[in-house]
Every structure is written in C-alpha cells, then in structure tokens.
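Structure at a glance
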Amino acid sequence: MSQHVEFTLAELMIVAASEAWRGNGEILASGIGVIPRIGASLAKLTHSPELLMTDSEAFLVSEPIPLGPRGDYVPKYEGYMGFDRVFECVWGGLRHAMIGPTQIDRWGQSNLSVVGGDYKKPKVAMLGVRGLPGNSINHINSFFVPNHNSRALVAGEVDMVSGVGFKKERWEKGVRRDLMDIRRIITNLCVLDFEGPDRACRVRSLHPGVGFEEVQDNTGFPLLKADNLGETTHPTAEQMAVIAKMDPHNLRGAQLKGNPPGIRPAA
Amino acid sequence: MNKQLSATEVVARLRDGMTIGIGGWGPRRKPMAIVREILRSNLKDLTIVAYGGPEVGMLCAAGKVRKLIFGFATMDPIPLEPYFRKAREAGTLEVFEVDEGMFEWGLRAAGMRMPFLPTRCGLATDVVKHNPHLKTIQSPYADGEVLLAMPALKLDVALIHVNEADKLGNTLITSADPLFDNLFARAADACYVSAERVVDKFALDTHAVRFNLFERYLVTGVVHAPCGAHPTYCGPDYGWDLAHLKKYNASASEESGWANYVKEFVACTETEYLAKNGGAETIGKLPMPIF
C-alpha cells in the first residue's frame, strides 16, 4: 500500500526534472534555478548517486547543498570546479545542464539574448547568449519552463538562436552534430521530449488534470503524443522528504505563481 | 621596480578609442575603483571586453562605450543589468556577442599570440549570423571537421582587481574562483591591477604562491584600492553589497536616476565613496553570497 502523498506542482516538476538525469552516468549535473537544482539534488540523493555536483560557485561537493541560508551546515567538499574547469568539462561533454531559457522553439533551439525588434535595437535585451552556444553543442541539455505558453514555446524560430537545436538547415556541412542532445523540457503543464520522428517534439507526460489540447493550445508549434502518453509520475513520500531537506526555506514554493497544488482541484 | 600608481594615474594613461578588458565576472571581483575613475574622466569611444557585470552598465550609462564584446551582462541576484539593457534597447551600442567559452578562447588566442583558436562553440547559432566577420576553418586532418575560428581578443589594456599585490607587480587572487583574470592579463599590452592590500615585496610560502596566477612581467601598474571591488563580490575579503546593487538597479527606472547615482557615488573621492557605503570596516563585513 502506498501512502497518500500531498504535493505541489513545483514538487511534481522537481521529481520530473530529477528523472532527466537518470542513467546519465558519472557526469556533472548542473541544475540552474531553484526547481532544476533541487531536481538534480534529488537525482543524486536517490537514483543516481554517481552524479557530480558543485556548490554553484567553485567547489565539487559529495552531497548536494541545501538551498538558501545554510545555518550550521558544512558543505562536503570533494573537489574543485571553478568556471575555467566548468568550461573544460563542457568541452569534454561530461555534463547535463538544465536551464530556463526565455524562448524555446520546435527544434529545441533556445534564446537568452534578445526578444523582439531588430538585433541591433531589440525590444527587450536579456542576459546575452551566456554559455548556451557552447553548452548546447557540446553536452546534454534539458530545459525548465515555469509558465508554459506560446511566448516561451514559440511558433517560429526563437528570436536569437543562442543554443543549438535539431534544425538541419542550421548545421553547415562538416560540423559535428553528434555531440549534442536535448532531452526534456519540464513545464508547469507537462514534460516534453524530442523523441518523435526527426527529433520532433512530443508530449511525454501530462501533469495531473492537464489535457493534451490545453498543452497544444499553449504551445506555438505542433506537438506529437508519446506512445502510452500518461500522467507525470507523482512524488513519493521518500522523494518529498529529500526535497524538504534540500529546500529547508521552501524556495520552491515561490517559483510558480500561487504555488498551485500538484493535482488540480476540479474546476 | 616600483609599479605603484594611483587610479587617477592609471586612467590618465588610457586613451579614447582603446580596447579595454575588464576582469572578474558579473558582480564578482570587478576593478570598480578604477572603473569609477574612468566614469570621472573624459574618456570616450571605448571598446569594452568583459564577462559583464555592473561596470558594463555604468560605463554604458556614462556614454563611455562605443562597442561591447561580451557573453552576458548580469548582477547574479539581480539577473538583468539595467543600464546595459537600456543601451542595448536604445540601439546605440555596437556589440560583438559571443559564447562565454568563445570569449575565453579569444583571450587565450591573444595571450598566445595566435590569430584564432578553433572551437565548436557558436556554430549553428545566431552568433555566427550576427557576426559575419567570424569564419570557420576545416580540420586539415582526416576528420575534416568544420570548426569556428574564434579570433584573438587583443586588448590595449586589462583592468583587474586582486586580493594582494606587491609593488613589483606580483599578485595573489585568493577568491574561491580566480575566474579568467590571468587570461585578461596575458591578452593585454598593458595590465593595471588594483589590490585590496599592497606590500613592498612579497615573501611567500609555497602554499600561498599557488594563488599567484600570472607573472609580474604582465603587470604594468599596481593600485592600492581597499574595497576596490565594491559593490561587487571580492571573497574572502567581502561579499557583494546587495543593498547598493539594488539601489543602483532602481536608479535606472527613476527620472534622472543615473545623474543622481553619479552625484552620490561617482562625483566624489574614493575615500568619500567608501564612507558613503558605511566605510571599509562595514564593507569588510559584507557576508559572502550564498549560491
């Protein structure tokens, strides 16, 4: 008998995020942002202890560090990983990062630079391309989308292709495409992957109470249904305990507007 | 062999139109005392090369920047740099926007006196579309792989902030992450270093020397600038000043916000600047950021 577990949508997404790192082997897991980071921590503390993680500054730690003020917690350092070393890791391909770009398109291309207007005079300037070009062409990436809509999952190409994707026309002859992969997109509605024909985007699982049509209506490009499309796996009591330990200040509760429950109340 | 200068003397050596690399990363260990001195000067038309933080926004706000070579501009806990955004959205800023790794490669190439270094970073993205001067190169070996030839990012001047220096130009960076400051030093014709502490001549043990990351022959001048990275993070000496960064950020959405920021924090001496931020003792107690 499994016991009844109450969970929020953020916690459901954390568990879905952690699944992205399952079976990746001994690589660096980089979850950027609260939900991806707790997801990576959950992966390491449950199904994939071989993963490497950092303190998000410069040190490798043998145990994921809880988010926010640490009290008397002392990080368990096992190695060094300054930015210089992170780049070496990226170029060697032994990393799986999960980040939250501003835009993602049907080819998995991502944008963190500018939106709208002209490139020389954009409507909105964001961070810049950061490490997306290098990360995306060298190692596995997944994405996190807290607000699944057609502004984030856009109709055409993203406004400034910062991270590479599966669009054939973008790849000049002779450029190696075999070093990159895009695995999952964890959104507040569903989990997407790129396992359709020619790496087309599919709905892999739907969060409780969400229908395929709702997801499609909020996505700028056509989606496929995964075979055996079902519901996103609910957190277990064990996973909930790990999540609470990793996020003692409940930062996860502030990541989604209104911190909705994992199972939608009936309309 | 005494390389000690004041920040004012350093800035007097800079010229309009120069390409200036600024060490650090985002709101981490930026040579802000020298940057403030540039803000006080008449310098213009600069090409700024940086893993950008608030210094990029300030130099843009002050109209000093003609061109920006960058991968990002951010203040970490405040993700978007407000004055960088303004300049970018006004269309007044010429940009060469590259991947963080391409940026490193450009500095390395310059330091090694190479015209370029090959990389995969940037291929199949709009980085190549928006920078048509970037060329690819085919491997001359059997694999025939096509790679991006990241051109050298040669700097006229590099500005760096370190924890310790001596008057000969020896430096120690004891922060958790030395970032890429060594590459800025190598890529530049002249490198000016500001330091929390300056001594006449280092006498170090073999543990401490591991924090010496580039040679003194690369260092042209040394500036004694206690709290010289404020409001950015300079571990282990002090954390970033989030209250100051918030105030700076808020100024961008206020009428005459930049002019007011200048009036309060730029149009003064560095001693007055530190006093306005609570003094060196208070800054020294700013907590290390929690990542």
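Residues numbered from 1 in each chain as written. Chains lettered and ligands numbered in written order. Predicted model: local features only at pLDDT ≥ 70, side-chain atom pairs only at ≥ 80, totals over all residues. Heavy atoms only, no water.

Remarks on the sheet that holds strand β5 (residues 95–99) of chain A
All names here are of chain A. Spelled out, the test is: Strands were regarded as paired on the criterion that DSSP finds at least two bridges between them. Helix and strand assignments come from DSSP, with helices taken as H or I runs of at least 4 residues and strands as E runs of at least 2, each series counted from the N terminus. Lines fitted to C-alpha atoms define the axes, with helix axes restricted to the stretch in contact, and inter-axis angles between N-to-C directions lie between 0 and 180 degrees. Residues count as neighbours in contact if any of their non-hydrogen atoms are within 4.5 Å of one another.
Read across the open sheet, the seven strands follow the order β1-β5-β10-β11-β12-β13-β14; overall the sheet is mixed. The two strands at the open ends of the sheet, each matched to only one other strand, are β1 (28–31) and β14 (224–231). The mean angle between the axes of side-by-side strands here comes to 15°, regardless of whether they run parallel or antiparallel. Across four bridges, β1 lies against β5 in parallel orientation. By the bridge assignment for β5, S30 is matched with A97. The sheet contacts of helix α1 (residues 9–19) involve β5, β10 (140–145), β11 (181–187) and β12 (190–193), and relative to β11 the element is tilted by about 170°. Strands β1, β5 and β10 of the sheet are contacted by helix α2 (residues 34–45), whose axis makes an angle of about 150° with β1.

Looking at the pattern of salt bridges
All names here are of chain B. We apply this condition: What counts as a salt bridge is simple: a side-chain nitrogen of Lys or Arg found within 4 Å of a carboxyl oxygen of Asp or Glu. Type-normalised accessible area, obtained with a 1.4 Å probe on protein chains alone, sets the label of each residue: buried when under 20%, exposed when over 50%, and partly exposed for intermediate values.
Inspection of the entire model under this criterion finds 38 salt bridges over all chains. The residue E94 makes a salt bridge to R66 at a minimum N-O spacing of 3.0 Å. You can see E94 sitting in strand β5 (residues 94–97) and its partner R66 sitting in strand β4 (residues 65–73), a full 28 residues away along the chain. We classify E94 as partly exposed; its relative accessible area is 39%.

Description of the packing of aromatic side chains
Short version of the rule: Think of it this way: a Phe, Tyr or Trp ring, Trp meaning its six-membered ring, pairs with another when their centres are within 6.5 Å, and the plane angle makes it stacked under 30 degrees, edge-to-face over 60, tilted otherwise.
Taken as a whole and judged by the stated rule, the model has 26 aromatic pairs over all chains. On the basis of an interplanar angle of 40° and a centroid distance of 5.8 Å, the ring pair of F87 of chain A and W91 of chain A is categorised as tilted. One end of the pair, F87 of chain A, and the other, W91 of chain A, are both in helix α3 (residues 83–92), four residues apart, so they sit about a helical turn from each other. An angle of 75° between the planes, with centres 6.0 Å apart, marks the rings of F265 of chain B and Y273 of chain B as edge-to-face.

Brief notes about the interface of chain A and chain B
Threshold: Computed with a 1.4 Å rolling probe, the buried area is the accessible surface lost when two parts are put together, summed over both parts.
Taken together, the 49 residues of chain A in the interface contact 46 residues of chain B. Note on chain A versus chain B: buried area summed over both sides is about 3,900 Å², and carbon and sulfur give 56% of it. Considering only the surface of chain A that becomes buried against chain B, F83, Y119 and R130 of chain A emerge as the three largest contributors, covering 18% of it. Our enumeration of links across chain A and chain B arrives at three salt bridges. At the level of elements, α3, β9 (122–125) and α4 (132–138) of chain A are the ones that each hand at least two residues to the side of chain A that touches chain B. Considering each element in turn, the side of chain A that touches chain B owes the most residues, five residues, to α4 of chain A.

Digging into the packing of α2 of chain A against helix α6 (residues 237–246) of chain A
Residues and elements named next belong to chain A. Spelled out, the test is: Between 65 and 115 degrees an angle is taken as roughly perpendicular, under 35 as roughly parallel, over 145 as roughly antiparallel, and anywhere else as oblique. Left-handed is the label given to a crossing in which the near helix is rotated counterclockwise from the far helix by less than a right angle, and right-handed is the label when the rotation is clockwise.
α6 packs onto α2 with a crossing angle of 125° between their chain directions and a minimal axis gap of 10 Å. One way to sum up the angle between α2 and α6 is to call them oblique. At the point where α2 passes α6, the crossing takes the right-handed sense. Taking contact as the criterion, the partners of I38, S41, L42 and L45 in α2 are, on α6, Q239, V242, I243 and M246.

Re the side chain of T74 of chain B
Rules: What qualifies as a polar contact is a pair of N or O atoms within 3.5 Å, subject to a donor-acceptor requirement within protein and to the restriction that residues adjacent in sequence count only when both atoms come from side chains.
Residue position: T74 of chain B is located in the loop between β4 and α4 (82–90). Look at T74 of chain B and you get buried, because its relative accessible area is 2%. Among the polar contacts made by the side chain of T74 of chain B, one reaches the main-chain amide nitrogen of D76 of chain B at a distance of 3.1 Å. Here P79 of chain B takes part through its backbone oxygen, which lies 2.6 Å from a polar atom of the side chain of T74 of chain B. Setting aside residues up to four positions removed in sequence, T74 of chain B forms contacts with L127 and R130 of chain A together with G26, P27, G52, G53, P54, P79 and E81 of chain B.

Things to note about the sheet that holds strand β6 (residues 116–119) of chain B
Residue and element names in this part refer to chain B. Here we have three strands laid out as an open sheet, ordered β6-β8-β7, and antiparallel in their pairing. Taken across any chain shown, the strands that pair with only one partner, and hence form the sheet edges, are β6 and β7 (135–138). Averaged over all pairs of adjacent strands, the angle between strand axes in this sheet comes to 40°, irrespective of strand direction. In the sheet, β6 pairs with strand β8 (residues 146–151) via four bridges, with the strands oriented antiparallel. Paired with P118 across the bridge in β8 is A149.

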